[in-house]
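Listed below, chain by chain, are the residues.
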Amino acid sequence: VGAALGMEGVELLGFHFHVGSQLLSNESHRKAIGIVCGLMAEARDAYGRALPFAAGSAQGLRSLAGAYLQAGGAAQAVDILTPLADKGARDAETRRLLARALRDVGRTDEAVQRLDEAVATRPDDPEILFLLASEYLWLKRVDAADRLFAEVVKARPIPQTRVLVGRAYRDAAEYDRA
């Protein structure tokens, strides 16, 4: 990355860049981001090419779909996760990822359906309850969201939980409840 940016002392740690205490300019920052995005795309494509050799690895497919989601490829993630979710009757994690991808492509009603299925497989999972409640907010089903958020706060009675719930209300423009 340092060579590509034409700078010495640049290190790539995960996806974080460090040049002294900061990047030197917006232009170098844009170049660095372009390089990392290119590397992510190459890694995702290589993973996709290797995946057929892992013969039906649900975890591998979830990982590939997650990479697509991070790179803005929600439609590709939906294509990967839908058959996986339909096949795995007790797989709440796949349904949770699929719901996120469906929401990202604007299919919110289907996202809620998949989250409902995930809740049915793991009814005591506060993370899935939180995601479902958040989707209900976006659908303006505030009473249903209130019930689920109350369950989440009861399951995890720590201040950070209340902050996350408040942010969910704020993000959905439900300011009086935030």
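Below, the structure is looked at part by part. Quantities reported herein were computed from a predicted structural model and do not represent experimental measurements.

When helices and strands are counted, the protein shows nine helices and two strands. Scanning the protein from its N terminus toward the C terminus, one meets helices and strands in the order α-β-β-α-α-α-α-α-α-α-α. Per-residue burial for the protein yields a buried fraction of 39% across its 178 residues. Counting contacts in the protein only where the partners sit at least 6 residues apart, residues at least 24 apart contribute 39% of the total. Of the accessible surface of the protein, which amounts to about 10500 Å², a share of 53% is contributed by carbon and sulfur atoms.

Once that is clear, we can look at unusual backbone geometry. A positive phi angle, close to 65°, is found at K140, a residue other than glycine. Its location among the elements puts K140 in the loop between α7 (126–138) and α8 (142–155). For K140, a relative accessible area of 52% corresponds to the exposed category. With a phi close to 60°, A173 is a non-glycine residue in the positive phi region. The residue A173 is located in the segment after α9 (159–171) in this model. Residue A173 is classed as partly exposed on the basis of its relative accessible area of 42%.

Glancing now at the packing of aromatic side chains. For the structure on display, the rule yields two aromatic pairs. Each residue in the set F130, F149 and Y169 is aromatic and connected to the rest through ring pairs, giving one cluster.

Core analysis: the largest hydrophobic core is formed by 39 residues, its most contacted members being A77, L81, L132, Y136, L137 and F149. Sorting the residues of this core by element identifies α3 (58–70), α4 (74–87), α5 (92–104), α6 (108–121), α7, α8 and α9 as the ones contributing at least two each. Here L137 is in contact with V142, A145, F149, A168, Y169, A172 and E174, once residues within four sequence places are set aside.

Once that is clear, we can look at α7. Taking 1.5 Å per residue, 13 residues should reach 18 Å; α7 reaches 19 Å between its end C-alpha atoms and fits that length. Three or more residues of α7 are buried, namely P126, I128, L129, L132, A133, S134, E135, Y136 and L137. Lining the buried residues of α7 we find α5, α6, α8 and α9. Of the residues flanking the start of α7, the one acting as N-cap is D125, its side-chain oxygen 2.9 Å from the backbone nitrogen of E127. Within two residues after α7, K140 carries a phi angle of roughly 65°, on the positive side.

Parameters at a glance
Residues numbered from 1 in each chain as written. Predicted model: local features only at pLDDT ≥ 70, side-chain atom pairs only at ≥ 80, totals over all residues. Heavy atoms only, no water. Helix = DSSP H or I, 4+ residues; strand = E, 2+ residues; numbered from the N terminus. Buried < 20%, exposed > 50% of the residue type's maximum accessible area, 1.4 Å probe, protein only. Contact = heavy atoms within 4.5 Å. Areas by Shrake-Rupley, 256 points an atom, 1.4 Å probe, with all protein chains shown as cover. Phe/Tyr/Trp six-rings, centres within 6.5 Å; stacked < 30°, edge-to-face > 60°. Core = buried A, V, L, I, M, F, W, Y, C linked by side-chain atoms within 4.5 Å. Expected span 1.5 Å × (residues − 1). Polar contact = N/O pair within 3.5 Å; in protein donor to acceptor, adjacent residues only side chain to side chain.

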